[in-house]
Every structure is written in C-alpha cells, then in structure tokens.
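Spelled out, the chains give:
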Amino acid sequence: MQAKFGKVAVLMGGASAEREVSLMSGKAVLAALQGAGVDAHAFDPADTDLHVLKDEGYDRAFLALHGRGGEDGTVQGMLEMLGIPYTGSGVMASALSMDKWRTKLVWLAAGLPTPRFHIIDETSDWAAVAADLGLPIFVKPVHEGSSMGATKVTDASGLAEAWALAARFDTLVIAEEFIDGQELTIPFLGDEVLPVVRIVAPDGNYDYQHKYFTDDTQYFCPSGLPAAQETELQALMRRAAQVLACRGWGRGDLILTAEGKPYLLEMNTTPGMTGHSLVPMSARVAGYDFTALCLSILEKARLG
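Residues numbered from 1 in each chain as written. Predicted model: local features only at pLDDT ≥ 70, side-chain atom pairs only at ≥ 80, totals over all residues. Heavy atoms only, no water.

Engineer: Could you clarify how one ought to interpret the pairing of strand β5 (residues 137-141) in this entry?
Structural biologist: Within a regular strand, side chains alternate between the sheet's two faces. Buried residues dominate β5, accounting for four of its five residues. Summarising the sheet, β5 and strand β6 (residues 151-153) pair through three bridges and their orientation is antiparallel. Among the inter-strand pairings, Ile 137 is bridged to a residue of β6, identified as Val 153. Bridge count between β5 and strand β7 (residues 173-177): five bridges; the pairing is antiparallel. By the bridge assignment for β7, Pro 141 is matched with Val 173. (Buried < 20%, exposed > 50% of the residue type's maximum accessible area, 1.4 Å probe, protein only. Helix = DSSP H or I, 4+ residues; strand = E, 2+ residues; numbered from the N terminus. Pairing = 2+ DSSP bridges.)

Engineer: Looking at this structure, I do not really get the sheet that holds β7. What am I missing?
Structural biologist: Two modes of strand pairing occur in sheets, parallel and antiparallel, and in both the strands are linked by backbone hydrogen bonds. Read from one edge to the other, the open sheet built from four strands follows the order β4-β7-β5-β6, with strand pairing classed as antiparallel. Each edge of the open sheet is held by one strand with a lone partner, namely β4 (117-120) and β6. Strand after strand, the sheet turns through a mean of 25° between neighbouring axes, direction not considered. With four bridges joining them, β4 and β7 adopt antiparallel strand pairing. Note on β7: the bridge partner recorded for Ile 120 is Val 173. The strands that helix α6 (residues 126-133) touches are β4, β5 and β7; relative to β4, the one it contacts most, it runs at about 165°. Helix-sheet contacts for helix α7 (residues 159-167) involve β4, β5, β6 and β7, and the interaxial angle to β5 is about 25°. (Axes fitted to C-alpha atoms, helices over the stretch in contact; angles between N-to-C directions. Contact = heavy atoms within 4.5 Å.)

Engineer: How do you make sense of the packing of helix α1 (residues 19-35) against helix α11 (residues 290-299) when you look at a structure like this?
Structural biologist: A pair of packed helices can be characterised by two numbers: the angle between their axes and the separation between those axes. Contact pair α1 / α11: the axes reach a minimum separation of 9 Å and the direction vectors enclose 90°. Put simply, α1 runs roughly perpendicular to α11. Judged by residue contacts, Ala 28, Val 29, Ala 32 and Leu 33 of α1 engage Phe 290, Thr 291, Cys 294, Leu 295 and Leu 298 from α11. Looking at side-chain class alone, the contact of α1 with α11 contains eight nonpolar, one polar and no charged residues. (Parallel < 35°, antiparallel > 145°, perpendicular 65-115°, else oblique. Nonpolar A, V, L, I, M, F, W, Y, C, P; charged D, E, K, R; others polar.)

Engineer: Looking at this structure, how should I read the pairing of strand β12 (residues 249-256)?
Structural biologist: With eight of eight residues buried, β12 lies mostly within the body of the structure. Of the two faces of β12, both are covered, the one formed by Trp 249, Arg 251, Asp 253 and Ile 255 as well as the one formed by Gly 250, Gly 252, Leu 254 and Leu 256. Bridging between strand β8 (residues 182-189) and β12 involves eight bridges; their strand directions are antiparallel. Along β12, the bridge assignment pairs Pro 187 with Arg 251.

Engineer: Which parts of the structure should I look at to understand the sheet that holds strand β1 (residues 7-11)?
Structural biologist: The strand order across the open sheet formed by three strands is β2-β1-β3, and the pairing between neighbours is parallel. Taken across any chain shown, the strands that pair with only one partner, and hence form the sheet edges, are β2 (39-43) and β3 (60-63). Strand-to-strand twist in this sheet, taken as the mean axis angle between neighbours without regard to direction, amounts to 30°. Pairing between β1 and β3: four bridges, direction parallel. The partner of Val 10 across the bridge, within β3, is Phe 62. The sheet strands contacting α11 are β1 and β3, and the helix crosses β3 at an angle near 125°.

Okay, here's the thing in structure tokens:
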C-alpha cells in the first residue's frame, strides 16, 4: 500500500460542459492509483457536496475536473478552506488560466508572445474586427476549455453566428487572430518541462471531436523539431507557467510559425488524462508510464 498518501479522493465529473471528458480522465487516474496500492476513491462533486471530503477523512484530492467549477479556482478554494491538499495549481493560477483573456493580458505584460485579439459582443463591428485581425479568426468563449463553443471563421459574415455560439457557453467571448503554423503543446510536471508534442489535425481543425473521440489527429512526440528549438520552446513554456503562478502540473498550447516564431495560446491547469491525452504521451517519452505520472502528480498535492 502507498500509505504515505492516506485516503485519496479522485474528483471527477462535476457539472461543467466537459463532464464527459472529466469522467474519462478520472476513471483512468483512479484505476492507476488503485493499481499502485493507493487508497483512492471516486468522488463526483455533482453528486456529493465537497464538505463530505472532510467528514469522510480524505487526506488528499487528485483533481481530474475539467472546465468551470473544477479548473477555475472554485474547487481549489473550497479545498483550501477544508485543509485538504490538492493536485495542480492554486486558486489564483487556476482562475487566471481558465480566463483566456486575462491570461493573454498577463503574458503580454510579461513580454510573452500571444496572438492579437478582440473581446466581442453583439454590438461589435464585425467588418472592423475582421479588418484588424485578418481572416481566418478563432472565436471562442473566454472561460471554456477543450474547444467548447469555438469556431474558426473564414468570412466576416460568419462572425455574428460564431459569437452567438460562443455566447451560449459564456458571457465573455474572444476573437483571436489566426496564426498559421504548427500546433504544439508542452506539458510540465513540477519544475520539469516535458517533451514537446506536435499535433497534426485534419484540415488544421483540432476541435473537441478530434481531441477526444476520433483517431484522425496525428501526434508526434518526440516532436521532430531541432533539439535547440525544442529547448527554447520549453523555456518559453516554463516562463509562461511561472508568470501565471502555475504549479504541480499542467500543459500550455502554442503555435509555431514557419519562420520559427512561437505564439502562446492558452494554459491548461488540469489537462485531460484520457487515452487521447497529451500529457501522458509526453510523459512516456520523458520516462514516466501512466501510473508513475499519476503518482508524481499526487505527490505534489499541496495547499497555499
């Protein structure tokens, strides 16, 4: 038995738009921890109030919740109040990273590269937005992950419809300039930045379906990038995570242009841990099997 961890709750499910993926992640993590002898149990905050964690004597929480209500600092804040150490980033970093707009503002203030953008609403001048950002444009909810409610708009006439879709998920909607290049993701585990994963999606459309439910998307890890370039990108990701105050583990997404210029897209503080997920893929190349990865994440659980 892994007695040092005590009784562990694997938080999964929840009430966000990403519930389905969270359950997939949580079940995979739970099986790995139990297989390694950890006294781990499934816990769905949609079914049971979090204060029960204290009543039932849980010592740690492994967060496999995705999206709002799980990845945005709210669960983290409750666990702080209960005094139960949890995996991943703290309250502020979780809330900030879940907010694509404010993440970009922090990165820009720190001198880090990210695509240009507009915050849009029903009163926006769509022609002006298209003229400034160029086409295509990505329109997405500010506080959702997994490409929920996101649209790649190729004609200015489609911006209003794209805004309306995103607005179904969030009151804040962002329009972001399209950067043509290779899509990359770079996970981190504690102070270690893991190998770069290069993503090649059908027609460049790495949407919710292609992320989780099809085998059409290709992933390359090792990435095939020159070693010196990969090292530079890992250093950029380390800095991107540091300025947001991220800790424990996570994954940042970016685009690399043909000229070798990187653009940071977003930070994920509780990435997926499913069969299609990218952190386990990268971790394997770094020498961690899935169980070792889960144990390493759990070991870093903390408060404060």
